[in-house]
Amino acid sequence: MYRRVAAALATAATAGALALGTAATAEAAGPGFYPRSHHSSYAECQAAGQAGAWMWGQIFFCEPFHPSRPDVYVLWVRY
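It should be emphasised that the depicted structure is a prediction, and the values quoted were computed from it without experimental measurement.

An order of β1-β3-β2 is seen for the three strands of this open sheet, with the pairing classed as antiparallel. At either end of the open sheet lies a strand with only one pairing partner, and these are β1 (33–39) and β2 (60–66). Averaged over all adjacent pairs, the angle separating strand axes in this sheet is 35 degrees, with direction ignored. In the sheet, β1 pairs with strand β3 (residues 69–78) via six bridges, with the strands oriented antiparallel. Opposite Ser37, over in β3, you have Leu75 as the bridge partner.

Here the distance between the centres and the angle between the planes together describe a pair of aromatic rings. Enumeration over the complete set of coordinates arrives at three aromatic pairs. Measuring from ring centre to ring centre gives 5.9 Å for Tyr42 and Tyr73, while their planes differ by 70 degrees; the resulting arrangement is edge-to-face. With Tyr42 in helix α2 (residues 42–51) and Tyr73 in strand β3, this pair connects stretches of sequence that are 31 residues apart. Both rings, one in Phe61 and one in Trp76, keep their centres 6.3 Å apart while their planes meet at 10 degrees; by these two values the pair is stacked. With Phe61 in strand β2 and Trp76 in strand β3, this residue pair connects regions lying 15 residues apart in the sequence. Of the residues examined, Phe61 reaches a relative accessible area of 25% and is grouped as partly exposed.

Rules behind the numbers
- Residues numbered from 1 in each chain as written.
- Predicted model: local features only at pLDDT ≥ 70, side-chain atom pairs only at ≥ 80, totals over all residues.
- Heavy atoms only, no water.
- Pairing = 2+ DSSP bridges.
- Helix = DSSP H or I, 4+ residues; strand = E, 2+ residues; numbered from the N terminus.
- Axes fitted to C-alpha atoms, helices over the stretch in contact; angles between N-to-C directions.
- Phe/Tyr/Trp six-rings, centres within 6.5 Å; stacked < 30°, edge-to-face > 60°.
- Buried < 20%, exposed > 50% of the residue type's maximum accessible area, 1.4 Å probe, protein only.

As structure tokens, this is what we get:
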């Protein structure tokens, strides 16, 4: 019985931590946006956004992946 309760609590804690970790990333972009691709420079990211504008429209933006990885930019597009 103790093992089942402990396993259920560990599962719930893990699921909660994963949900909070992904919520921070999705919340930064806002509703209706998703990451499309990763690029090595801001200019390359903007060029990819403009090249694919026929698929996702003119509303897209590029932002650094993470403060510890300023060399990677994420292209966020609207769905």
